[in-house]
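One letter stands for each residue in the lines below.
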Amino acid sequence: MARTRTIKVDALARVEGEGSLRLRLKDGVIQQLEFGIFEPPRFFEAFLVGRDYSEAPDITARICGICPIAYQMGAINAMEDALDIQVPRPIRDLRRLIYCGEWIESHGLHVYMLHAPDFLGLADAIELAKVNRPLVEKALRLKQIGNEILAAVGGGRAIHPINLRVGGFYRAPTKQEIGALVEPLKWAVETSLETVRVVSAFEFPEVEQDYTFMALRHEDEYPIHEGRLITNRGDDFPVRDFEDHVDEEHVARSNALHGFMKARGAHHVGPMARYSLNHDRLGATARQAAAEAGLGPVITNPFHSIIVRSVEILQACEDALRLAENYEMPDRPFIEPEPRAAVGYGCTEAPRGICYHRYELAEDGAIKSARIIPPTAQNQKIIESDLWQVVERNLHLPDEDLKWRCEQAIRNYDPCISCATHFLKLEVERE
Amino acid sequence: MAARKKPRLGVWKFSSCDGCQLTLLDCETELLAIADEIEIAYFLEATRREDKGRYDIALVEGSVTTPEEARKIRDVRRRSNLVLSVGACATTGGIQALRNFRDVKGFIDLVYAHPEYIDTLATSTAFADHIHVDFELRGCPPNKNQLLEVLSAYVAGRRPVVPTHSECMECKARGTVCVMVAQGTACMGPVTQAGCGNLCPSYDRGCYGCFGQKETPNTGSLAAWWREQLRMDGRDVRRRFSTYNANAPAFREESERHG
């Protein structure tokens, strides 16, 4: 007798924004599997038109409260590309420092509060705190140190910082303001090492994919806020060529456009891609910690992403510590931009992967057109292909457990649906 | 004596960047203490625990931009004793209220290949435009300490203490030199509600109004000063009033005067 199974989750939890999964199975065969995004559209690219170039960093920050620096820095890089501005080293270092803060805050939130509960069979971090309060207290302190960096460099707050501008900063932080980060960061390095050990002891479902990874690549650093784009299929191109390689399509189930590589189909962005393409750029401590956690130089199981994120927290803490210890105030906090008609391109490694910006400016600096391709939009197709495997390998599970496993697989990507547009509903139908 | 029953809290997201609910998760030092005092019954970003019950306190972030959201906020109201709107989107429609001034169909055509897939309202509006709201907390994002004050106040059964005077008062209290008078930098401080913690002026930057309009703001006077003293043109004045609280009545009217 044909057996139909229907599993439905109306709203996927512990992701940023609102999305859904529809799954219909007939006799154990997947009939339909769609990861959808119903976050209401907010039209940023449309209302950027006619605004001044200098407004783009603050306006685009409002795409995402969790990774505002990714948007501010993407917009700033693009505007500085258009206006031909090169910032001096101390400003560059401050930018990397604040971006490390965002990685620590965002990854810390995801690893401990959004993802770890899945591996432990708990509903949330509050339940985790009932089982292991000291662990959650440490996790919160680690995340808080990320926020302290954001506030120290970003002008007093972690969400939508006010101090970043095209050309540099409104006011350079004092040595004292940055120096206050050093001791907390020493503690954070130790705690993030411990985090790698804690999460690597979890049990990992088995899924393997031969992904096409895309990430930034920098001459000598683990990539965060600059570099060229590369893939593990031999592509290597500057940010300005991104749209020659990547396009987006609009599908009915999603208010977020689906990104894909024109020549290769679905590509994977985010911590796993960054790590696999830049393993040789990790610092010695992070590389050692990764090896001890059992990670090779290339990641193929998406459930290992939680370990990779922890390794990246460690890397960001070490980088931030070094930058904070060596900080010297720049002579001038910013370079005054001179508007001109031009097109500019920017791409940085948001916590969830590459985030691309392009702006066309008029002579007076007004924005004529804008295009932003966030990481979660690029990962939607990959999330669906992971889910096919997860479902096929877990058909024996009762509906409730299968549903949870699917949610966990989606959370491997820390999808930021606010960014991609934003709603996660999970529906599974079995026939 | 029986233990006091914990108040039940629901946290709801509408059209937004998630930053306001993140403000609650950013209360790292206080979060576990909050969870000791308040039952976090519904908070999708933080827990997969589902809950269909009633709430003592509903925190709502984001704005109403779809027919579904207009229905959802009425449902939240019916199920909650107190509804607290948090943030610029919730209290004025937020940055996405910029659509209210334009043709939303044109926006959809610009961003999406298949406009027929998109179900959206022509406007982005505050919750108070749809339901009775018990308290509105401003800010893009809100100030963490103000959010804690609002929660503590309602748990204790009193009104929150959140000033409605201008950002200028924060500069005076902190001794920040006026950026407009001393540097000729355009500043929204005189018409913007205090509460951010005096951020922009203390970083040599003009306030950009993310806390929305203060009580009885004199926007016309400020705009005239900008135009006379700073030689700003109409487009620049309009842009400054049309940002994260573009649909706040005084800001909206002022921006429309400089078309």
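Residues numbered from 1 in each chain as written. Chains lettered and ligands numbered in written order. Predicted model: local features only at pLDDT ≥ 70, side-chain atom pairs only at ≥ 80, totals over all residues.

Our next topic: the overall build of chain A. Each helix and strand in chain A was counted, giving 15 helices and 14 strands. In terms of overall dimensions, chain A is globule-like: its C-alpha atoms have a radius of gyration of 21 Å, near the 22 Å expected for 431 residues. In terms of principal-axis extent, the alpha carbons of chain A reach across some 75 × 45 × 35 Å. The buried share of chain A, reckoned over its 431 residues, is 59%. (Helix = DSSP H or I, 4+ residues; strand = E, 2+ residues; numbered from the N terminus. Rg over C-alpha atoms; globule rule 2.2 N^0.38 Å. Buried ≥ 20, exposed ≤ 12 C-beta atoms within 10 Å, placed from the backbone.)

Take the overall build of chain B next. Per the secondary structure count, chain B includes 12 helices and 5 strands. Taken over C-alpha atoms, the radius of gyration comes to 20 Å for chain B, in line with the 18 Å a tight globule of 259 residues would show. Along the first, second and third principal axes, the C-alpha atoms of chain B reach 65 × 50 × 25 Å. Within chain B, buried positions represent 53% of all 259 residues. Sequence-distant contacts, at least 24 apart, represent 72% of the contacts inside chain B between residues at least 6 apart. (Contact = placed C-beta atoms within 7 Å.)

Residue and element names in this part refer to chain A. With their axes 10 Å apart at the nearest point, helix α6 (residues 133-154) and helix α8 (residues 182-200) run at an angle of 135° to one another. One way to sum up the angle between α6 and α8 is to call them oblique. Regarding α6 and α8, the two cross each other, and that crossing is left-handed. Taken together, the residues of α8 that come into contact with α6 (itself represented by K138, L142, I145 and E148) are P184, L185, A188, T191 and S192. Each residue belonging to the contact of α6 with α8 can be placed in one class, and the counts come to 5 nonpolar, 2 polar and 2 charged. (Axes fitted to C-alpha atoms, helices over the stretch in contact; angles between N-to-C directions. Parallel < 35°, antiparallel > 145°, perpendicular 65-115°, else oblique. Left-handed = near helix turned anticlockwise from the far one by under 90°. Nonpolar A, V, L, I, M, F, W, Y, C, P; charged D, E, K, R; others polar.)

Time to look at the packing of helix α4 (residues 89-120) of chain A against α6(A). Each pair of packed helices can be summarised by the angle the axes make with each other and by the distance between the axes. All names here are of chain A. Where α4 meets α6, the axes come as close as 8 Å, and the angle between the chain directions of the two elements is 155°. Judged by the inter-axis angle, α4 sits roughly antiparallel to α6. α6 is crossed by α4, and the crossing has left-handed handedness. Contacts from L94, L97, I98, C100, G101, E102, I104, E105, G108, L109 and Y112 of α4 reach α6 at V136, A139, L142, K143, I145, G146, N147, I149, L150, V153 and G154. Of the residues contributing to the contact of α4 with α6, the split by class is 14 nonpolar, 5 polar and 3 charged.

Right, let's talk about the interface of chain A and chain B for a bit. Accessible area lost during the coming together of the parts is what is often quoted as the interface size. On the chain B side, the residues contacting the 51 residues of chain A number 46 residues. Looking at the side of chain A that touches chain B, the elements that each hand over two or more residues are α1 (44-47), α2 (56-61), α4, α5 (125-131) and α6 of chain A. Per-element tally for the side of chain A that touches chain B: the top contributor is α6(A), with 7 residues. A class-by-class count of the residues in the side of chain A that touches chain B yields 24 nonpolar, 11 polar and 16 charged.

This paragraph deals with the sheet that holds strand β12 (residues 353-361) of chain A. Residue and element names in this part refer to chain A. Strand order in the open sheet formed by 3 strands is β11-β12-β13, with antiparallel pairing between adjacent strands. Each edge of the open sheet is held by one strand with a lone partner, namely β11 (342-350) and β13 (367-373). The mean angle between the axes of side-by-side strands here comes to 15°, regardless of whether they run parallel or antiparallel. Looking at chain direction, β12 and β13 are connected through 6 bridges and run antiparallel. Considered in β13, the bridge of Y359 is made with A370. Against the sheet, helix α3 (residues 68-82) contacts β11 and β12, and its axis sits at roughly 150° relative to β11. Where helix α13 (residues 375-393) meets the sheet, it contacts β11, β12 and β13, and its direction lies at approximately 130° from that of β12. (Pairing = 2+ DSSP bridges.)

Here is a general trend for soluble globular proteins: nonpolar side chains tend to be buried in one another's company. In this structure, A:I104, A:I149, A:A320 and B:V60 are the most contacted members of the largest nonpolar core, which totals 195 residues. In terms of residue count, α4(A) provides more of this core than any other element does, 13 residues in total. Residues in contact with B:V60, not counting those within four places in the same chain, are B:W12, B:F14, B:I73, B:V76, B:V83, B:S85, B:V86, B:A90 and B:F127. (Core = buried A, V, L, I, M, F, W, Y, C linked by C-beta atoms within 7 Å.)

Averaged over all residues, the pLDDT of chain A is 91; the fraction at 70 or higher stands at 92%. Long-range and interchain partners of residues 420-427 of chain A, a stretch whose pLDDT sits below 50, account for 54 contacts in this model, where long-range means more than four residues apart. (pLDDT = per-residue confidence, 0-100.)

What follows covers the sheet that holds strand β6 (residues 214-217) of chain A. Residue and element names in this part refer to chain A. Across the sheet, 3 strands lie side by side as β6-β7-β8; this open sheet has antiparallel pairing. Pairing within the sheet leaves two strands with one partner each, and these edge strands are β6 and β8 (236-237). In the packing of helix α10 (residues 271-278) onto the sheet, the strands contacted are β6 and β7 (228-231), and the crossing angle to β6 comes to about 55°.

Here helix α12 (residues 305-325) of chain A spans 30 Å end to end across 21 residues, near enough to the 30 Å set by a 1.5 Å rise per residue. Within α12(A), 19 of the 21 residues are buried, which leaves the element mostly enclosed by the surrounding structure. (Expected span 1.5 Å × (residues − 1).)

Before going further, it helps to examine unusual backbone geometry. The linkage connecting B:C140 with the following residue, B:P141, adopts the cis geometry, with an omega of 0°. Topologically, B:P141 is positioned in the loop between β5 (135-137) and α6 (144-156). Positive phi, normally seen in glycine, also occurs at A:H160, with a value near 50°. Turning to its location among the elements, A:H160 is positioned in the loop between α6 and β4 (164-165). A residue is classified by how many C-beta atoms lie within 10 Å of it, and A:H160, with 26 of them, is buried.

It is worth spelling out α4(A) at this point. All names here are of chain A. Between its first and last C-alpha, α4 extends 44 Å over 32 residues, near the 46 Å set by a 1.5 Å rise per residue. At V111, α4 shows its strongest bend, of approximately 35°. In terms of residue burial, α4 counts as a mostly covered element, since 26 of its 32 residues are buried. Backbone geometry just downstream of α4 places G121 in the positive-phi region, at approximately 70°. (Bend = angle between axes of the 7 residues up to and from the residue.)

We now examine the environment of B:E68. As for its position among the elements, B:E68 is in helix α3 (residues 67-78). Between the C-alpha atoms of B:E68 and B:F14, which are 54 residues apart in sequence, the distance is 9.9 Å.

All names here are of chain A. By the secondary structure assignment, I30 is in strand β3 (residues 29-37). With 15 C-beta atoms packed within 10 Å, I30 lands in the partly exposed category. On a C-alpha basis, the gap between I30 and V391 in space is 8.0 Å, while along the polypeptide they are 361 residues apart. With residues near it in sequence (within four places) discarded, I30 still touches L25, W388, V391 and E392.

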